[in-house]
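Residues per chain, in single letters:
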Amino acid sequence: MTLQSPTPMSSDGAALKPGFADPVFDAQAVFRAALVAIAYPGRAIPLDRTFAAPRPLSSATAALCLTLMDFETPAWLDRQTASGEASAWLRFHCGLPLIDDTSTARFAVGTDALNLPHLLEFHPGEIEYPDRSTTLVIQVKSFTDGPVTTWTGPGIKGSATIAIDGLPFWFWSDWDLNSELYPRGVDVIFTCGNALMGLPRTIKVEA
Amino acid sequence: MSPTAALVHKDDGYNFAYLDEQTKRMIRRSLLKALSIPGYQVPFGGREMPLAYGWGTGGIQVTASVIGPDDVLKVIDQGADDTTNAVSIRRFFQTVCDVAVTESTAEATVVQTRHRVPETPLKEGQVLVYQVPQPEPLKKIEPRETETRKMHAYAEYGAMQVTLYEDVAHFGRIAKTYDYPAVINGRHLMSPSPIPKFDNPKMEMNPAIQLFGAGREKRIYAVPPYTSVRSLDFDDHPFEVQTWKGSCALCGSTTSYLDEVITDDRGSRMFVCSDTDFCNTRQAEAAAAKAAVDKVSGEEA
């Protein structure tokens, strides 16, 4: 006899999708992809496994959240993410404290990139502790079909040409302002389908 | 279902790679921020490890958070694969994650090192983990972290330059030979850990990912691939690396870092490569080439 129901329920009674099938090795594989993505910005790093993600998260976004977030990382979700089954899923599997305030968030998850708040509304870190800034996880439509941008900086040999689709028109001018805060500033990991692309604060982008 | 779900490791009394998952997540977050701010020391919640501080607890925690079942691990101590520290750390990871190990720099995906950068050039995707005793390059100038943190925040590195100038005034040259301070990505002053200054140029524009872990001081920092690493110097006293008059007594290399080895109690000495894998590979290649030549000349005769 079991007292607990076999599948965890969200507050409205719907069954939650599972987290990692293998929390140790799945998290390690996804972290390695994220490490490579941040170390070599501008490269689409595919994950070697797929996950059943709750709406509206893609497989890569969901996996990244499970890998990096927990009770220590207050996170902000955009309206589209918060309205789906994702918010209950994140709260259950990561023990994630969800907050409404962008300026204190350690992580921010955006699936509706066009309606993101401006980058300066997120936590830029402190001048003596620039590592405390927000890491944004932004789910985009494509890494190749958008307006062409040229990236340079640490981790890129020479320069890289990236064409991310589905970003708001102000994104790259905001990114310039973010660069001026260096060593403070937010970092971004873009996700698309089952792949990651890193954009740390050191990268200069010409739109 | 994950393809690795059936994996087991030798000592299943511990989680894979010893650390618990929450600790790994915390270290992983620190590693990503460290790569985002090259050379900046990210504080992290360093755990007690089953070996004493000073034996690589920082490097081990970084390696444990990065390593997976498909990795091939190499551990070196002053360039050698067969010294105490290297052997015990390699055995630790074989025990707690049953990972493949190698002595070959080219075959390794993760290299944990104490105080050397391998002579064999690293490739993209390889991870080099340094063990760091003292992450703060300004510590001997300013012992208070409240002050050094401000110095890093505002890039106030004049005091370090003055320290090097005092060497020039006393000795006519910069006397620092290891743990030689470098500016990363044109912004943060960083201790490269006590590697010989011979290895500083290898850090610059390296295709591999370089991670640094200091266990006692609880700091993690990183040099991303293809990043500028400028060793501090003066226009009229440019940065120079060590050179040797002779070559390695075993493999004849003139380009590697040489250790002086005392061979008896009458003052005899020899110089040999500090990187044992590099030296052994070169000796094997030379022996193979000689055997091939002998074979050809034997057939001719």
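Please read these numbers as outputs of a predicted model, since none were measured by experiment.

To continue, consider the overall build of chain B. Counting secondary structure elements, chain B contains 7 helices and 12 strands. Against the 2.2 N^0.38 benchmark of 19 Å for 301 residues, chain B shows a C-alpha radius of gyration of 21 Å, consistent with a compact globule. Its C-alpha atoms give chain B principal-axis dimensions of about 75 × 65 × 40 Å. The proportion of buried residues among the 301 residues of chain B is 52%. A separation of at least 24 residues holds for 62% of the contacts in chain B among residues at least 6 apart in sequence. Total accessible area on chain B stands at roughly 13400 Å², and carbon and sulfur atoms take up 53% of it. For chain B, the centre of its 33 positive side-chain charges and the centre of its 40 negative side-chain charges are spaced 5 Å apart.

On to the overall build of chain A. Counting its secondary structure elements, chain A contains 5 helices and 9 strands. Order of helices (α) and strands (β) in chain A, N terminus to C terminus: α-β-α-β-α-α-β-β-β-β-α-β-β-β. Against the 2.2 N^0.38 benchmark of 17 Å for 207 residues, chain A shows a C-alpha radius of gyration of 17 Å, consistent with a compact globule. With respect to the principal axes defined by its C-alpha atoms, chain A has extents near 60 × 35 × 30 Å. Taken over 207 residues, chain A has a buried fraction of 59%. For chain A, long-range pairs separated by at least 24 residues make up 68% of all intrachain contacts whose partners lie at least 6 apart in sequence. Accessible surface, chain A: about 8500 Å² in total, of which carbon and sulfur atoms supply 54%. Taken together, the 14 basic and 22 acidic charged side chains of chain A have centroids lying 4 Å from each other.

Each side of the interface is counted separately: chain A has 47 residues, and chain B has 49 residues. Roughly 3900 Å² of surface becomes buried between chain A and chain B when both sides are summed, with 62% attributable to carbon and sulfur atoms. Its largest share of buried area at the contact with chain B, chain A owes to A:F25, A:Y40 and A:E128, together 16% of the area lost on that side. On the surface where chain A and chain B come into contact, there are 6 salt bridges. In this structure, the salt-bridge partner of B:R29 is A:D70, at a minimum N-O distance of 3.3 Å.

Residue and element names in this part refer to chain B. Spatial ordering of the open sheet is given by β7-β6-β10, a layout of 3 strands whose pairing is antiparallel. Looking along the sheet, the strands with just one partner apiece sit at the ends: β7 (188-190) and β10 (229-231). Each strand axis lies, on average, 35 degrees off the axis of its neighbour in the sheet, ignoring direction. Note: strand β6 (residues 182-184) against β7, 3 bridges, orientation antiparallel. Across the sheet, the residue bridging to I184 is H188, located in β7.

The amide bond that connects A:R55 to the next residue, A:P56, takes the cis arrangement and shows omega of -5 degrees. Looking at where A:P56 falls in the secondary structure, it is placed in the loop between β1 (45-46) and α2 (59-68). Each neighbour pair has its own omega, and for A:Y182 with A:P183 the value is 10 degrees, a cis peptide bond. Relative to the assigned elements, A:P183 resides in the loop between α5 (171-180) and β7 (187-192). Look at B:Q78: it is not a glycine, yet its phi comes out positive at around 55 degrees.

This paragraph deals with the pairing of strand β5 (residues 149-152) of chain A. Residue and element names in this part refer to chain A. The two faces of β5 differ: T149 and W151 on one face are buried, but T150 and T152 on the other face are not. By the bridge criterion, 3 bridges tie β5 to strand β6 (residues 160-162) in an arrangement that is antiparallel. If you follow T149 over to β6, its bridge partner there is I162. Strand direction decides the pairing type here: β5 and strand β9 (residues 204-206), joined by 3 bridges, are antiparallel. Its bridge partner lying in β9, W151 is registered against V205.

Residues and elements named next belong to chain B. Spanning 25 residues, helix α7 (residues 276-300) covers 36 Å between terminal C-alpha atoms, matching the ideal 36 Å at 1.5 Å per step. For α7, the complete set of buried residues consists of T276, D277, F278 and C279. In the core, the buried residues of α7 are packed alongside β2 (72-77) and β12 (269-273).

As a further point, take the pairing of strand β8 (residues 209-214) of chain B. Counted residue by residue, β8(B) has 6 buried out of 6 residues, so it is predominantly covered. On β8(B), burial covers both faces: B:I209, B:L211 and B:G213 on one face and B:Q210, B:F212 and B:A214 on the other are all buried.

What follows is about the domain arrangement of chain B. Residue and element names in this part refer to chain B. Splitting chain B by domain gives domain 1 (21-135 + 188-228) and domain 2 (258-300). At the interface, 13 residues of domain 1 touch 5 residues of domain 2. Contact between domain 1 and domain 2 buries roughly 640 Å² in total, counting both sides, with carbon and sulfur atoms accounting for 37%. Taken together, domain 1 and domain 2 are joined by 0 salt bridges.

This next bit is on the packing of aromatic side chains. Residue and element names in this part refer to chain A. Counted by the stated rule, this structure contains 17 aromatic pairs over all chains. Members of the aromatic cluster, joined through ring pairs, are W151, W170, F171, W172 and F190. One Lys or Arg, R132, reaches over the ring of Y129 and ends 3.9 Å from the middle of that ring.

Applying the stated rule across the entire model yields 26 salt bridges over all chains. When the shortest N-O distance is used, the salt bridge between B:D199 and B:R116 registers 2.7 Å. With B:D199 in the loop between β7 and α6 (200-203) and B:R116 in the loop between β4 (110-114) and β5 (127-131), this pair connects stretches of sequence that are 83 residues apart. The two residues B:D199 and B:R116 agree in class, both being buried. One salt bridge connects B:E260 with B:R269, and the closest N-O pair in it is separated by 2.6 Å. Residues participating in the shared-partner salt-bridge network are A:D70, A:E72, B:R25 and B:R29.

Conventions we followed
Residues numbered from 1 in each chain as written. Chains lettered and ligands numbered in written order. Predicted model: local features only at pLDDT ≥ 70, side-chain atom pairs only at ≥ 80, totals over all residues. Heavy atoms only, no water. Helix = DSSP H or I, 4+ residues; strand = E, 2+ residues; numbered from the N terminus. Rg over C-alpha atoms; globule rule 2.2 N^0.38 Å. Buried < 20%, exposed > 50% of the residue type's maximum accessible area, 1.4 Å probe, protein only. Contact = heavy atoms within 4.5 Å. Areas by Shrake-Rupley, 256 points an atom, 1.4 Å probe, with all protein chains shown as cover. Lys, Arg positive; Asp, Glu negative; His and termini not counted. Charge placed at Lys NZ, Arg CZ, Asp CG, Glu CD. Buried area = accessible area lost by both parts, 1.4 Å probe. Salt bridge = Lys/Arg side-chain N within 4 Å of Asp/Glu carboxyl O. Pairing = 2+ DSSP bridges. Axes fitted to C-alpha atoms, helices over the stretch in contact; angles between N-to-C directions. Expected span 1.5 Å × (residues − 1). Domains from an automatic or database assignment. Phe/Tyr/Trp six-rings, centres within 6.5 Å; stacked < 30°, edge-to-face > 60°. Lys NZ or Arg CZ within 6 Å of the ring centre and 35° of its normal.

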